[in-house]
Amino acid sequence: CGFDGEIAIADLTAKSLVKITEDTKLWMHDQVRDMGRQIVIHENLLDPGMRSRLWEHDKIINVLKDDKGTRCIQGIVLEDLDTEWKLKGPRDLTGDKISWNNFQSSPNFTSATTYLKERYKAYLQKQAEKKSRITIHSKPFGAMVNLRLLQMNYVNLEGSFKFLPSELKWLQWKGCPLKSLPSVLFLQQLAGLDLSESKVERLCSGNKNKVAEKLMFLNLSGCSSLTAIPDLSGNHALEKLILKYCVGLIKLHDSIGNLNTLVYLNLQGCINPVELPSDVSGLRKLENLNLYGCSQLKRLPKNIGSMVSLKEFVLDGTSIESLPETIFHLTKLEKLILNRCGALKGLPEEIGKLCSLKEISLNASGLEKLPDSIGS
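These numbers come from a predicted model, not from an experiment.

1. A closer look at the state of the cysteines
Evaluated as defined, the whole model comprises zero disulfides. No disulfide involves Cys-176; its nearest neighbouring cysteine sulfur is the one of Cys-223, lying 8.5 Å away. In this model Cys-294 remains outside any disulfide bridge; the closest cysteine sulfur is found in Cys-270, 5.4 Å from its own. Its relative accessible area of 4% is what places Cys-294 among the buried residues.

2. Some points on the sheet that holds strand E4 (residues 75-78)
In space, the twelve strands of this open sheet follow the order E3-E4-E6-E8-E9-E10-E11-E12-E13-E14-E15-E16, with parallel pairing throughout. The open sheet is flanked by strand E3 (53-54) and strand E16 (359-361), the only strands paired with a single partner. Inspection of the sheet shows strand E10 (residues 217-219) paired to strand E11 (residues 240-242) by three bridges, in the parallel sense. Paired with Asn-219 across the bridge in E11 is Ile-242. Packing of helix H3 (residues 57-65) onto the sheet brings it into contact with E3 and E4, and relative to E4 it is tilted by some 120°.

3. A look at H3
If you check which residues of H3 are buried, you get Ile-60, Val-63 and Leu-64. All buried residues of H3 lie within an arc of 95° about the axis, which places them on one face of the element. More than 90 degrees from the buried face of H3, the exposed residues found are Asp-58 and Lys-65. In this structure, the buried side of H3 is in contact with E3, E4 and strand E5 (135-137). Of the residues trailing H3, Asp-67 is marked for its positive phi of about 55°.

4. Things to note about the packing of aromatic side chains
Inspection of every chain in the model, using the stated rule, returns two aromatic pairs. Consider the rings of Phe-161 and Trp-173, whose centres lie 6.4 Å apart with planes at 50°: the pair is tilted. Of this pair, Phe-161 sits in the loop between strand E7 (156-158) and strand E8 (170-172) while Trp-173 sits in the loop between E8 and strand E9 (192-194); the two residues are twelve residues apart in sequence, bridging distant segments of the chain. Each member of the pair, Phe-161 as well as Trp-173, is classed as buried. Ring geometry for Trp-170 and Phe-217: centres 5.0 Å apart, planes at 20°, overall stacked. Taken together, the residues Trp-170 in strand E8 and Phe-217 in strand E10 connect sequence positions 47 residues apart. Here Phe-217 falls in the buried class, since its relative accessible area comes to 16%. One residue, Lys-19, lies across the ring of Trp-27, its end atom 4.9 Å from the ring centre. Here the guanidinium or amino end of Lys-240 rests over the ring plane of Tyr-264, the centre of that ring lying 4.8 Å away.

5. So, empty space enclosed by the protein
Applying the stated criterion across every chain yields a total of three cavities of 30 Å³ or more. Taken as a whole, the largest cavity holds about 70 Å³ of empty space. Lining the largest cavity, in full, are Leu-252, Ile-256, Gly-257, Leu-265, Leu-267, Leu-276, Pro-277, Val-280, Leu-283, Leu-289, Pro-301 and Met-307. Across the lining of the largest cavity, the residue classes tally to eleven nonpolar, one polar and no charged.

About the cut-offs
- Residues numbered from 1 in each chain as written.
- Predicted model: local features only at pLDDT ≥ 70, side-chain atom pairs only at ≥ 80, totals over all residues.
- Heavy atoms only, no water.
- Disulfide = S-S within 2.5 Å.
- Buried < 20%, exposed > 50% of the residue type's maximum accessible area, 1.4 Å probe, protein only.
- Pairing = 2+ DSSP bridges.
- Helix = DSSP H or I, 4+ residues; strand = E, 2+ residues; numbered from the N terminus.
- Contact = heavy atoms within 4.5 Å.
- Axes fitted to C-alpha atoms, helices over the stretch in contact; angles between N-to-C directions.
- Arc of directions from axis to C-beta.
- Phe/Tyr/Trp six-rings, centres within 6.5 Å; stacked < 30°, edge-to-face > 60°.
- Lys NZ or Arg CZ within 6 Å of the ring centre and 35° of its normal.
- 1 Å grid on protein atoms, 1.4 Å probe; cavity = no way out; pocket = protein on both sides within 12 Å on 5 of 7 lines; lining within 4 Å.
- Points joined across faces, edges and corners; volume = space filled by probe spheres on them.
- Nonpolar A, V, L, I, M, F, W, Y, C, P; charged D, E, K, R; others polar.

This is the structure we're talking about:
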């Protein structure tokens, strides 16, 4: 976006206005968030369409409905209300957050928990009904030429996609109802695309089967109808690829093995793929590979040692029968998880050469003996 992001975040962190948590999430206090929102509101007290950021559901709908979008708008977060409930947490009748420790220690903890669960379940059902009725039109986006962030979860978008601004950097459209996305959706400046929990079957329609060149983040988790991953060979920026619970995915495109910028790959719950791409020599920057629950996966690529930056390797519940001997090249590997790998009867002697290994987990595996090198 043209900002010195790293310097700015470091400065805010030093002033204790934001914090980077252990799981690398950006955190700020509610009061800091509210202060920022008040600054934005005062950009124009009467006309939300003249503000730089919109986050209130009713105001966003009114701006789109009345076609009041302007070049001032840089970010829109059309957040579904049940997510807001989760973020804020349960509150008592005074509006204060309920202390979980106090709540858990109360004599009526069990009954209160059941009551909250039932109320929350009913609440989610109502919100689901509302979601299915929300429809917005694309034309009002045409005037928002400076829009960089668009988050519109569980909505129907009508009209031509050509109205989406070319400067859009981040698009989150959870629950997208489309089976495929027009190629115009893959804008030149797009860096982040989140289509989790969508009905999408394929990302591109027609003969165009490639994603945006500058795309750095792609989240397709929960897309149970997704049958194929497009050719990613034209991309030279992708760092994070999330395919959790894509149960309809049969085969991974070979181009995944050549993503030399990829740092994180999550295939948790993909129950159908039998193998990874045979050549993974391009994954030299990959640090985290999660294959949890890939129950049909029987073998790993022979050149898995090419992933020299790998730090965490999760293979829970897979059907692998052995680990490749080239695994000793993974000198940065810190965590190796092999729980419930029933077909795994032994480990290679080279396992002792994993000089950075801090944790190896073999619960409920089929292991019959440990190699002597494990002592190293």
